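# Structure assessment
Residues per chain are reported as follows:
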Amino acid sequence: MLDNSHDALDFSFDLNGYLLLRNAIEPELLAELNTAFDRFPDLASGEWWGNVQRLDNAGHAGVELQNIVEAGAPFEALIDHPAWIARVARYCGEQGTYVEGLFIDECFASVRRTGGFFPLHSGGQDGVVRNQFRYVNGQFRCAQVNILLALTDIGPGDGATRVLPGSHKSNIAHPIFARSFDERREEEDEAVEGAIEVHLQAGDALLFVDAIAHGAARRTNPGDRRVVIYRYGPSWGTTRHGFRYSDELLARLTPARRRILQPIPPRIPGVTRGYGAQA
């Protein structure tokens, strides 16, 4: 029988649509990730670096390196980091069902310098299945839960993530959405009633359901904002951008991490399928 008991974090997540995880990663891993960022090559948009591709979601919002799990051991450590993996599985891992498990919908590194405003988007009003928030029969059944890990301090003027608390349950679109995303993206910034900036210290993580309306404030401070974002979903999904993981990466991962990146192994005649199961 499923355990339907909930704690204070579950209450906050259900109410607001997000959680703050302070000091989520250890200082050693934080240092390793920042060193990795320092060594990123200067890629043009669309250019590949091994199995990592620069694929900016909105050019002036910063540089985004997609499929970042292929960039080395520090990023592999984030796949099932203990600071969030059990909580993420609880919210979007279809626990107690025949399809129980997770996969990573999208994972990328982001560097944002001066500018980089990103308009508010998403929200519960459209009922999009891929990012929906659901609670059924005492269980969370969300379709996508994100971990935004701060590698630098993110305070006022640093281009912090904005969220609109409670909007993951909204049936009515915020009036800001009457104007198109592309139109709003051309502006310097926007003020949205009820939205808040989430300020983080390096090593903190923001966990949020993708159905919550979210975006990012304009960065006005010098320097850069560094974050890594891992988007998790139920095991039956597929990656947003169609990336396929390299055989080298899959071979060196622990079985638990491999199950998250490839929860449904390919079925090939005469080849053992899965992680210990027979074809």
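Before reading on, note that the structure itself is shown above.
Now for a look at the structure at hand. Worth saying up front: this structure is predicted, and the values here are computed from it rather than measured.

Let's shift gears to the nonpolar core. Of all hydrophobic cores here, the largest spans 65 residues; its most connected members are Phe 13, Ile 68, Trp 84, Tyr 230 and Tyr 232. The biggest single contributor to this core is strand S5 (residues 102–112), with six residues. Excluding residues within four positions of it along the chain, Phe 13 makes contact with Tyr 18, Leu 19, Tyr 91, Phe 133, Phe 140, Cys 142, Val 145, His 168, Leu 207, Phe 208 and Val 209. Residues Leu 120, Ile 176, Val 192 and Ala 213 belong to the second largest nonpolar core, which totals five residues.

Once that is clear, we can look at unusual backbone geometry. Although it is not a glycine, Asn 23 sits at a positive phi angle of roughly 50°. Its identity as a non-glycine residue notwithstanding, Asn 67 has a phi of 60°, on the positive side. Tracing the backbone through its elements, the reader meets Asn 67 in the loop between strand S4 (63–66) and helix H3 (73–76). Taking relative accessible area as the criterion, Asn 67 reaches 2% and is therefore assigned buried.

Turning our attention to the sheet that holds strand S11 (residues 196–198). Across the sheet, four strands lie side by side as S6-S13-S10-S11; this open sheet has antiparallel pairing. Among the strands making up the open sheet, the edge pair consists of strand S6 (118–121) and S11. Averaged over all pairs of adjacent strands, the angle between strand axes in this sheet comes to 30°, irrespective of strand direction. Bridge count between strand S10 (residues 161–163) and strand S13 (residues 214–216): three bridges; the pairing is antiparallel. Counterpart to Thr 161 in the pairing with S13 is Ala 216.

Sheet strands pair via backbone hydrogen bonds, and the direction of the pair is either parallel or antiparallel. Taken in spatial order, the eight strands of this open sheet run S1-S12-S9-S14-S5-S4-S3-S2, and their pairing is antiparallel. Where the open sheet ends on each side, the last strands, each with one partner, are strand S1 (18–21) and strand S2 (48–49). Each of S1, strand S9 (145–150) and strand S12 (205–209) is contacted by helix H1 (residues 8–16), which is oriented at about 135° to S1, the strand it contacts most. Helix H4 (residues 85–92) rests against S1, S5, S9, S12 and strand S14 (225–234) of the sheet, and its axis sits at about 45° to S14.

Turning to the pairing of S14, a few remarks are in order. Across the ten residues that make up S14, a large majority, ten, are buried. Inspection of the sheet shows S5 paired to S14 by ten bridges, in the antiparallel sense. In the sheet register, Ile 104 faces S14, and the bridge partner there is Tyr 232. Relative to S14, S9 runs antiparallel, the two being bridged by six bridges. Bridged to Val 145 within S14 is Tyr 232.

Inspection of the entire model under this criterion finds twelve aromatic pairs. With centroids separated by 6.0 Å and ring planes inclined at 55°, the aromatic side chains of Phe 13 and Phe 133 adopt a geometry described as tilted. Taken as a pair, Phe 13 in helix H1 and Phe 133 in the loop between S6 and strand S7 (135–136) lie far apart in primary sequence, 120 residues in all. Taken as a pair, Phe 13 and Phe 133 share a single burial class, namely buried. Measuring from ring centre to ring centre gives 5.8 Å for Trp 48 and Phe 243, while their planes differ by 75°; the resulting arrangement is edge-to-face. With Trp 48 in strand S2 and Phe 243 in the loop between S14 and helix H6 (247–252), this residue pair connects regions lying 195 residues apart in the sequence. Classification of Trp 48 as partly exposed rests on a relative accessible area of 44%. For Phe 243, a relative accessible area of 13% gives the class buried. Among the aromatic residues, those joined into a cluster by ring pairs are Phe 13, Tyr 91, Phe 133, Tyr 135 and Phe 140.

What counts, and where the lines are drawn
- Residues numbered from 1 in each chain as written.
- Predicted model: local features only at pLDDT ≥ 70, side-chain atom pairs only at ≥ 80, totals over all residues.
- Heavy atoms only, no water.
- Core = buried A, V, L, I, M, F, W, Y, C linked by side-chain atoms within 4.5 Å.
- Buried < 20%, exposed > 50% of the residue type's maximum accessible area, 1.4 Å probe, protein only.
- Helix = DSSP H or I, 4+ residues; strand = E, 2+ residues; numbered from the N terminus.
- Contact = heavy atoms within 4.5 Å.
- Pairing = 2+ DSSP bridges.
- Axes fitted to C-alpha atoms, helices over the stretch in contact; angles between N-to-C directions.
- Phe/Tyr/Trp six-rings, centres within 6.5 Å; stacked < 30°, edge-to-face > 60°.

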